[in-house]
Every structure is written in structure tokens, then in C-alpha cells.
Amino acid sequence: MKPHLLYICLLLSVQLTAGNDTLIEESIKTVVITDRITDISVERLIDSSNSIKSFNLSLADLLGRSSLAYVKTYYPGGLNSVSIKGSGASHSNLLWDGIPLNSAMNGQPDYFLIPASFFDRISISSGALARGIGGDVHLGSSSEWNTNRVSAALSYGSFNTQKANFNFLLSSERISWRSALSYTASDNNFSYVDVFAPNNPAVVLQNANYHSLHLKEGVTIRHRKNIFDFSTWLSFANRQIPPIMGAALNAVEHQKDQTTRFKLNWSHFGESSHFDATIAYFNEWNFYRLNENIASNHRLHSYHSTIGFFKRLKDVLLENTLTYNFTKANSTDLKSDNEQHELQLLSGLKWNMSNRSLFQAGYRFGLKNDETTPFAPFVSYSFNPYENYLSSLNLQAGRKYKIPTLNDQFWTPGGNPLLNIEKAWHIDLIANWRSHHKAHKIDLNFNPYIKWIDNLIIWAPRNGFWTPDNLKSIVKRGVTMDLKATVFLSNDMKFSAYSSHTYTRATSTASFIEEDASIGKQLLYVPKYQTNSGVSSGWREWSIGLDMSYISQRFNSSDNTSSVPSILHLDANLIKTLKFRDQQLSMRLGVNNILNRQHQSIALRPMPGRNYEVSILYNIEKLKK
């Protein structure tokens, strides 16, 4: 389908909604959209980005605190990818107010290049209603009015690691202006034991420094029943790529990344309806060089547009969303300049059957270039069995799909333009229980699931080079459990604990490869067990905490004959917070990897041992009367 025909379809459609890809959470006369997330029942909010423990973190570091997401780090400051419930990195969608940030080249974003402090709402949704086969990571910022706020954070750590973040908010009754700046740099020259070199010498990581700068600006204007929001986001990064363990040190690799993003949204609120329209443009540039004779250059132009309409009819909320994405790539590694078009319609309803039950259903359907995408229905039923407790049982089922990336189709050499779309079925059971009282707060979440994926795209050697094919069918099943508890011992003292566990069994069930040794084996880099736990105690302006994370061994061969050892991390934090009327000053001392354990996230890529960090966060906020 030609691009102009897609735009005509977009403009002529009726009852079509914004880039939300969501069903509305609440609606009382005027529709209120909480956060453009369909999968509310399986949403996991990540620790608020305005705390001193997370203000200077990248999105990769922040998500790594949740066992629901497994973060693969190629090296500190390098490419960071996220896997949700055992799915591949390209099966997890990163969404900025509903707009996808995944690269059309390789299907995944670099989570290291996303500052957590740029967003005040970060969450993971992983159920059958989420858009991605694995799940979705949502980034959002709420509009605030009649508030002025300044937040600034500085930190310095081992290996000459420097971080600085600055957030600014100035708003009146009608206009809100937001500004954010983030800078990170490190020599990254930690020492490690090279177990793959003769005599296992202790060496210092070389050719590993990095620095990045990010700027985000936003203006929101509300006039009567309309809200207009404009955001721009600029990113620059220059990173050296260190050698793998056991390799010679004569290779010099580095990469540069530059990204420019613009987003414009218009929302109109009626008495029982809401219209929303969003357009966005992204320009992404990546340059890679090995020594002086090998280089690759990639440029992506991406256009996103969505329009939509929400309508409430008594206890039923109707939603329709039309989304159009267009990407043009110019790369030294693709066969030619390539374009990709995707048009998707989401239509669904949300029915409050009673005060204790909720029903959701809908479907996604669309076009990818000239090919029809699979019909993808979904259904969800939630029930609150105990009227006096904030508890619920939720059963979800749905179909999902993923289109091949530009690299899959047009990489030189080896791209396969005849690849089929990956398809998946997903079933989730989610149980939530909450007990909140003056003396304590307890939250428990339990989520068993199973998913089947067909036409899985696998890169394998053929005719002297690597090429992708739809080679396998796989099944993924597991369970996640989260427990959070806070006990208030007095007005000045409280004790908190959390524990998050994930069990994932992901195996191949069928393959077109003859005598495939991977059948019945765990998929590459999918840990069976992952745990994040911690305790903290607060007394007046002081708090102390201990966090533990465990990741089981990950196989790095399809027949499970070789693996990367398990990881056990212990981190400690000591924080003091001073408050002066509308001002707050927090100081933190952090010790990471207390046990000084040698470990690898990716095979042959060393990670740092024990290291230290000191941070300071200053915040001032004034509310206008």
C-alpha cells in the first residue's frame, strides 16, 4: 500500500483513537485517561524516578530492579536490552506516551540511553493485553498545574563515573513548561580477572570510556476542553567498546549515537467522550567504527501518527485506535534504502459489569507494507471476590504478532525479505491482594502464564554467512510473584521489605532444522530463576537499606552445553534527608556488589566488582494558591 493511501485511510476513519493503544481506566462524565495502558491489571510501577536512589539511573538500571525484566548489559555504558518473561529483546516494546521507541533496524531500543529522571511514571505490562509479545515498558509524564519545582542531582563514583541530572517545572493555571537535562560519563577502567587468558591475570578494562548527554523539553497548554502538548527530546552518546575477555587489545572499537524526537498531541474532552490525536517524528543516527578500515553508518527517519475516539455509554466504554508508522532507513549494511509501513487498528470495549467485576475485549488488525497482519483478538475478565479488600482475580487471553525488522529483511549479506510474521498466543492468570492500614501496608501479586510462539525468526549460518529464517516454534511458561510490605513502628520509624521472584521455562517445541539439538532446551540467555529482594529501615531523616539480586545461569548455546554463571549481587545504601519548608536535600552513600563477585551479563563481557557512589539530590517545590 502506498504511503499516501495510508494517510487517506487515516484521515477518513471515524471513531479512531490516539496513540494510547489503551482502554480508559476511569470515566465520570468527562473521560479521564490515566496512562495510555491497556494492560492495567498486570502493570508493575517501577520505583519513582524522583527518589535519590533512582534519579541518576538509566532506564536499564531502574528496570533491572524488577525480576519481571531481565536486563542484558554488554558492558557498563554499552548496549542494554530488556527481556520480559523470557521473550527476546525485540519482543518487548518501549512506548513513550504510546509511541514506540524500538528501532526499526533491529527491533529494540538501547535502554542505557534513556534517563529514568525524564519520566515520573515508568511501568511494565506483561499480560495478554500488552502490545508486545513479551510485554511493554511504558514511559509517561503527568501534567501538573500551579506548581513550580526544581530538582538537581549530582553523583560521583568509582572509575571516575560522573552523573548529573536537572529537572525544572514551571506551571500556571493554563500553561506548564517542563525541562530536563541528563549527563553521564565514566572512564570505566575497572579491574577484573580474565579467566580466558593464560594464567588468569588481573587486568584493567581498556578502551571502555563513555559519555552521553540528553535534553528534553515540553510545553502543555490547556484551553477550555482542549489540551495541547509538545515535547522534544535530544540525545547524544559517544562510547568506546572494550575487548572481550581473552582477546588481544589491539582492536579499537567505538560508536556514536544521535537521536532527535518531536511529539505533538491534541486532546479534546467531551461530557462522555474523548478525542485524541498524536503525531511524532524521530531521527536516529548511529555510527560504528572498528580500527580505521571498518565502519558502518545508519540513519533512520520515523514518522508516527495516531487518532482516536473514546465513548462512554453508561457502564460500557468504547475505544478505537488507528496507528500509522512509517520508517525509512539509509544504512551501509542494508541492501538499499528501505521503507516500512505499518497501519494498525485497535477496537475494543471495557464493561463494568458490577462494582466487583470488569470485562474487556477487542482486537488488533492492520497492514504491513502490502501484507495483512494477523487478526489479534484479546479478552479479559476481572473479579473482586472480597468486597472489603482491594483484591482481584483476572484471566486474560490474546493473540499477538511481530513483523520482521529491516535487518531481518535487508541486511547485507543474508537478509531475507520472504520472512513471515511471528505469531503468538498468550494466557495469563493474575491474582492481586492488598491490605492497607494505619500500622502497615501489604501488596501481593501472583501471575502464572503460558505463551506459544510460531514462526520464530532465528539467524543461522547458511551458504557461508548468517541469514534469518522462520525456523522454530517455542513455548514459554512460568510464574512471577511480588510482595511488598511496610510496617510503621512509630511516627518517626518504619520498616519496609520487598521480594520479587520470576520462574521462566522457555523451550523449543518444533524446528525446521534437521536433528535440532535445541528441542526441549532452555532458550539462549533466558534465566530460569530471577530474584530481587531488599529491606530498609527509616528513622527520622535517616534510612538504611540492603538490596539483593540473583540471576541463575543462562545458556549461551542452543543445546545447553555451555552457560554463563549465575549472578548474586548485594548492594547497600545509607541516606540522610533534610527538609526545610518547601525544600529537601538528600545525601546518599552507596556500595554496589559488596561481595566483590566477578560476573558477566553477556559471555566474555566482564562487569565491575565492588564499587562506590556518593550522591546528592536537591529539590524545591512551591504550590501556588
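A. Structural context of the overall build of the protein. From N to C terminus, the protein includes three helices and 36 strands. Its C-alpha atoms give the protein a radius of gyration of 24 Å, within 12% of the compact-globule value 25 Å for 625 residues. Taking the principal axes of its C-alpha atoms as reference, the protein extends roughly 70 × 60 × 45 Å. Residues counted as buried form 52% of the 625 residues belonging to the protein. Taking the intrachain contacts of the protein between residues at least 6 apart in sequence as the baseline, contacts between residues at least 24 apart amount to 62%. Taken as a whole, the protein presents about 28400 Å² of accessible surface, with 59% of it coming from carbon and sulfur. Averaged over its 62 positive side-chain charges, the protein has a centre that lies 5 Å from the centre of its 51 negative ones.

B. How the structure looks around the packing of aromatic side chains. Considering all chains together, one arrives at 17 aromatic pairs under this definition. On the numbers, 6.5 Å between centres and 10 degrees between planes, the contact of phenylalanine 228 with tryptophan 266 is stacked. Of the two residues, phenylalanine 228 sits in strand 16 (residues 226–241) while tryptophan 266 sits in strand 17 (residues 253–269), which places them 38 residues apart along the sequence. Among the aromatic residues, those joined into a cluster by ring pairs are Trp96, Phe118, Phe119, Trp233 and Phe282. Between lysine 85 and the ring centre of tyrosine 449, over which it is positioned, the NZ or CZ distance is 4.4 Å.

C. Structural detail: the pairing of strand 29 (residues 493–511). With 17 bridges connecting them, strand 28 (residues 465–488) and strand 29 associate as antiparallel partners. Bridging across to strand 29, lysine 472 finds its partner in serine 511. Relative to strand 30 (residues 529–539), strand 29 is paired through 11 bridges, and the arrangement is antiparallel. Considered in strand 30, the bridge of serine 499 is made with serine 533.

D. Representation of the nonpolar core. Core analysis: the biggest nonpolar cluster contains 27 residues, and Leu59 and Leu63 have the highest contact counts within it. Elements represented by at least two residues in this core include exactly helix 2 (59–63), strand 4 (69–73), strand 5 (80–84), strand 6 (92–96), strand 8 (121–125), strand 9 (135–140) and strand 18 (273–290). Tallying contributions element by element places helix 2 first for this core, with four residues. If you look at the next biggest cluster of nonpolar residues, it comprises eight residues, including Ala424, Ile453, Leu456 and Ile474.

E. Seen up close, the side chain of glutamate 253. Mapping glutamate 253 onto the fold places it in strand 17. An unpaired buried charge is present at glutamate 253: no salt bridge exists, and arginine 605, the closest side chain of opposite charge, is 5.2 Å distant. In terms of polar contacts, glutamate 253 uses its side chain to reach the side chain of tyrosine 288, at 2.5 Å. Residue contacts for glutamate 253: discarding those within four places in its chain leaves Asn207, Gln240, Ile241, Tyr288, Arg289 and Leu290.

F. View of empty space enclosed by the protein. Tallied over the full model, the rule gives three cavities of 30 Å³ or more. Taken as a whole, the largest cavity holds about 660 Å³ of empty space. Considering the residues around the largest cavity, the lining is formed by 31 residues, among which Asn93, Pro100, Asn325, Glu342 and Ile403 are closest to the centre. Broken down by secondary-structure element, the contributors of at least two residues to the lining of the largest cavity are strand 18, strand 19 (294–313), strand 20 (316–331), strand 21 (338–354) and strand 25 (392–402). Classifying every residue of the lining of the largest cavity by side-chain character gives eight nonpolar, 16 polar and seven charged. By volume, the second largest cavity is sized at about 80 Å³. Taken together, 13 residues form the lining of the second largest cavity, with Tyr70, Gly86, Thr504, Pro527 and Gln530 sitting closest to its centre.

G. Quick look at the pairing of strand 35 (residues 583–592). Here strand 34 (residues 567–580) runs beside strand 35; their pairing, made up of nine bridges, is antiparallel. Bridging from a neighbouring strand, phenylalanine 580 pairs with glutamine 583 of strand 35. The turn linking strand 34 back onto strand 35 is made up of two residues, and arginine 581 within it adopts a positive phi angle of 55 degrees. Examined bridge by bridge, strand 35 and strand 36 (residues 611–623) share 10 bridges and lie antiparallel to one another. Along strand 36, the bridge assignment pairs methionine 587 with isoleucine 616.

Quick notes on the rules
Residues numbered from 1 in each chain as written. Predicted model: local features only at pLDDT ≥ 70, side-chain atom pairs only at ≥ 80, totals over all residues. Heavy atoms only, no water. Helix = DSSP H or I, 4+ residues; strand = E, 2+ residues; numbered from the N terminus. Rg over C-alpha atoms; globule rule 2.2 N^0.38 Å. Buried < 20%, exposed > 50% of the residue type's maximum accessible area, 1.4 Å probe, protein only. Contact = heavy atoms within 4.5 Å. Areas by Shrake-Rupley, 256 points an atom, 1.4 Å probe, with all protein chains shown as cover. Lys, Arg positive; Asp, Glu negative; His and termini not counted. Charge placed at Lys NZ, Arg CZ, Asp CG, Glu CD. Phe/Tyr/Trp six-rings, centres within 6.5 Å; stacked < 30°, edge-to-face > 60°. Lys NZ or Arg CZ within 6 Å of the ring centre and 35° of its normal. Pairing = 2+ DSSP bridges. Core = buried A, V, L, I, M, F, W, Y, C linked by side-chain atoms within 4.5 Å. Salt bridge = Lys/Arg side-chain N within 4 Å of Asp/Glu carboxyl O. Polar contact = N/O pair within 3.5 Å; in protein donor to acceptor, adjacent residues only side chain to side chain. 1 Å grid on protein atoms, 1.4 Å probe; cavity = no way out; pocket = protein on both sides within 12 Å on 5 of 7 lines; lining within 4 Å. Points joined across faces, edges and corners; volume = space filled by probe spheres on them. Nonpolar A, V, L, I, M, F, W, Y, C, P; charged D, E, K, R; others polar.

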